[in-house]
Amino acid sequence: MRLPHPLYGLYERRIAASLPRDRVPRHVGVILDGNRRWARNLGESTATGHRRGADRIAELLAWSEEVGVEVVTLWMLSTDNLTRDAAELEALLGIIEDAVRELAATRRWRLQAVGSLDLLPDRTVQVLRDAEAATADVVGLHVNVAIGYGGRKEIADAVRSYLVERAAEGATLDDIAATFDVEHIADHLYTKGQPDPDLVIRTSGEQRLGGFMLWQSVHSEYYFCEVYWPDFRRVDFLRAVRDYAARERRHGR
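I will try to describe carefully the structure that is included in this document. (Residues numbered from 1 in each chain as written. Predicted model: local features only at pLDDT ≥ 70, side-chain atom pairs only at ≥ 80, totals over all residues. Heavy atoms only, no water.)

## Section: the overall build of the chain
Right, on to step 1. Each helix and strand in the chain was counted, giving 10 helices and 6 strands.
Right, on to step 2. The C-alpha atoms of the chain give a radius of gyration of 19 Å, which matches the 18 Å a tight globule of 253 residues would have.
Right, on to step 3. Projecting the C-alpha coordinates of the chain onto the three principal axes gives extents of approximately 65 × 50 × 35 Å.
Right, on to step 4. When burial is assessed residue by residue, the chain has 49% of its 253 residues classed as buried.
Right, on to step 5. The contacts of the chain with a sequence gap of at least 6 include a subset with a gap of at least 24, amounting to 76%.
Right, on to step 6. Per element, the accessible surface of the chain, about 12,800 Å² overall, is 50% carbon and sulfur. (Helix = DSSP H or I, 4+ residues; strand = E, 2+ residues; numbered from the N terminus. Rg over C-alpha atoms; globule rule 2.2 N^0.38 Å. Buried < 20%, exposed > 50% of the residue type's maximum accessible area, 1.4 Å probe, protein only. Contact = heavy atoms within 4.5 Å. Areas by Shrake-Rupley, 256 points an atom, 1.4 Å probe, with all protein chains shown as cover.)

## Examining a negative patch on the surface
Right, on to step 1. The grouping of Glu165, Asp181, Glu183 and Asp187 at the surface amounts to a negative patch.
Right, on to step 2. Within the fold, aspartate 181 resides in the loop between helix H8 (173–179) and helix H9 (182–186).
Right, on to step 3. Judged by relative accessible area, aspartate 181 falls into the partly exposed class, the value being 40%. (Patch = residues over 30% accessible without salt bridge, like charges linked within 9 Å, V, L, I, M, F, W, Y side chains within 5 Å. Salt bridge = Lys/Arg side-chain N within 4 Å of Asp/Glu carboxyl O. Lys, Arg positive; Asp, Glu negative; His and termini not counted. Charge placed at Lys NZ, Arg CZ, Asp CG, Glu CD.)

## Let's talk about the side chain of threonine 191
Right, on to step 1. Turning to its location among the elements, threonine 191 is positioned in the loop between H9 and strand E5 (199–202).
Right, on to step 2. Residue threonine 191 is classed as buried on the basis of its relative accessible area, which comes to 7%.
Right, on to step 3. Among all residues touching threonine 191, those that are not within four sequence positions of it are Val114, Asn144, Glu154, Met213 and Gln216.

## Here we look at the environment of glutamate 169
Right, on to step 1. Position of glutamate 169 among the secondary structure elements: in the loop between helix H7 (151–168) and H8.
Right, on to step 2. What makes glutamate 169 exposed here is its relative accessible area of 56%.
Right, on to step 3. Separated by 3.0 Å, the side chains of glutamate 169 and arginine 166 make a polar contact. (Polar contact = N/O pair within 3.5 Å; in protein donor to acceptor, adjacent residues only side chain to side chain.)

All quantities given are derived from atomic positions and should not be read as evidence of function.
Here it is as structure tokens:
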């Protein structure tokens, strides 16, 4: 639905006022998709698309705060993205580093890096670690920045971490096999201790997860938005939350 611009403010306020506060998602995962296609459609460079997308992140976090979301996970760079053209990847990493620094500088949100940091350049890892340290004492919205992230890799890392932990305790392979349970994986995920995402939003019209939080999203609700990420608006976010609030969540029961 496209409304004349002056009417959007009224429309947004009506949606926001209609949201039942007891049905707002605690954790929202967002797949920030469509930067390159947005740029291509406008005849702009890929880097321009990524920069425009990065500029939307703080707005999304503010909207999340407004409705009472507690955790937001932003998928900014996948493990698959690491195979892109070297020049594009270098520019993208620089844009991500700048975005993370800017988010940390506000000291408004607590930042946590999630992903295979061993696959990233040392410079990028240092930026992420500095952002975590600078916001460690911030109380409020918890923001996971998923960089170098892949769901399969996360599960493999979790299993590896558990096996190493048990081996250090002197457990044998037979001991581990006899007691191994799903909770042992959950306790070693990048997001351990956090609520699983209630709502996963993907922009750009693609209707697939692409490897995003495969373990944690088993009971998530999905919302696929046609708009490219750089054009994602508050009204799009509110529609997603409203759609989530209207669904009946059975969790397999």
